[in-house]
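This is what each chain is made of:
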Amino acid sequence: MNSGVTIHTALDTKLQTQSKIGVNDIEGALVVIQHHTHELVSLIGGKDYKKNSFNRAYQSYRQPGSAIKPLLDYAPYLEETDAGINQLVSGASYCRNSYCPKNYSGDSYGSVCSKSPWSGLSIYKGLYLLGR
């Protein structure tokens, strides 16, 4: 490129290579945002762009499912309360006003450590954390 245009990017080439290896066996997407700077540092949209040019990272319209819970529920709670990661949080049924969500399985869980939210993840826990 000899046009004199300089392109600045936050792309981390080492992380991009690791990300590509991480999705090598699956047809999925991986997006990494540097949380201190809010910069996009890695973006993978599939395992082989030559075979399929559909980029799942920014062309897909699927719901994020439970993968979004750490960002929407747990991170704000930990940030606002300065709670430790070893704090136990109730996974029991939870209601706020007249809204009483249920887990897909219908099960209710006991206390779960904030450090390992996936071990007994429930919608109750996330709503309980935000509603405190």
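Thresholds, definitions, all that
Residues numbered from 1 in each chain as written. Predicted model: local features only at pLDDT ≥ 70, side-chain atom pairs only at ≥ 80, totals over all residues. Heavy atoms only, no water. Helix = DSSP H or I, 4+ residues; strand = E, 2+ residues; numbered from the N terminus. Contact = heavy atoms within 4.5 Å. Disulfide = S-S within 2.5 Å. Buried < 20%, exposed > 50% of the residue type's maximum accessible area, 1.4 Å probe, protein only. Pairing = 2+ DSSP bridges. Polar contact = N/O pair within 3.5 Å; in protein donor to acceptor, adjacent residues only side chain to side chain. pLDDT = per-residue confidence, 0-100. Patch = residues over 30% accessible without salt bridge, like charges linked within 9 Å, V, L, I, M, F, W, Y side chains within 5 Å. Areas by Shrake-Rupley, 256 points an atom, 1.4 Å probe, with all protein chains shown as cover. Salt bridge = Lys/Arg side-chain N within 4 Å of Asp/Glu carboxyl O.

### Here we look at the overall build of the chain
Step number 1: Each helix and strand counted, the chain has three helices and four strands in total.
Step number 2: The N-to-C order of helical and strand elements in the chain reads α-β-β-α-β-β-α.
Step number 3: In the chain, 48% of the contacts between residues at least 6 apart in sequence involve partners at least 24 apart.

### A short note on the state of the cysteines
Step number 1: In total, this model carries one disulfide according to the counting rule given.
Step number 2: A sulfur-sulfur distance of 2.0 Å marks the disulfide that ties C95 to C100. The sign of the S-S torsion, about 125 degrees, decides the handedness of the disulfide formed by C95 and C100: right-handed.
Step number 3: Look at C95 and you get partly exposed, because its relative accessible area is 46%.

### Quick notes on unusual backbone geometry
Step number 1: A positive phi angle is found at H38, which is not glycine, with a value near 65 degrees.
Step number 2: The topology assignment puts H38 in the loop between strand 1 (30–34) and strand 2 (39–44).
Step number 3: Looking at H38, the relative accessible area reads 66%, which means it is exposed.

### Considering the pairing of strand 1
Step number 1: Sheet topology places strand 1 next to strand 2; five bridges connect them, and they run antiparallel. Looking across to strand 2, one finds that V32 is bridged to S42.
Step number 2: Between the antiparallel neighbours strand 1 and strand 2 lie four residues, among them H38 with a positive phi of about 65 degrees.

### Thoughts on the side chain of N55
Step number 1: Note on placement: N55 falls in the loop between strand 2 and helix 2 (69–81).
Step number 2: One polar contact links the side chain of N55 to the main-chain amide nitrogen of A57, over a distance of 2.8 Å.

### Points about the environment of L43
Step number 1: Of note, L43 is situated in strand 2.
Step number 2: Using a relative accessible area of 30% as the deciding quantity, one classes L43 as partly exposed.
Step number 3: For the pair L43 and A29, spaced 14 residues apart in sequence, the C-alpha separation works out to 7.7 Å.
Step number 4: In contact with L43, other than residues within four places in its own chain, are Q16, L30, V31, A57 and Y58.

### A closer look at the confidence of the model for the chain
Step number 1: Looking at the chain as a whole, the pLDDT averages 76, with 80% of positions reaching at least 70.
Step number 2: Here helix 3 (residues 123–131) stands out as the least confident element of the chain, with mean pLDDT 52; strand 2 is the most confident, with 91.

### Overview of the side chain of Q16
Step number 1: Along the chain, Q16 falls in helix 1 (residues 13–22).
Step number 2: A distance of 2.9 Å separates a polar atom in the side chain of Q16 from the backbone oxygen of L43.
Step number 3: Those residues within four positions of Q16 in sequence are excluded, and the remaining contacts are L11, V41, S42, L43 and I44.

### So, a nonpolar patch on the surface
Step number 1: Taken together, the side chains of V31, I33 and L40 make up a nonpolar region of the molecular surface, amounting to roughly 270 Å² of accessible area.
Step number 2: Along the polypeptide, L40 turns up in strand 2.
Step number 3: The partly exposed category is assigned to L40, whose relative accessible area is 42%.

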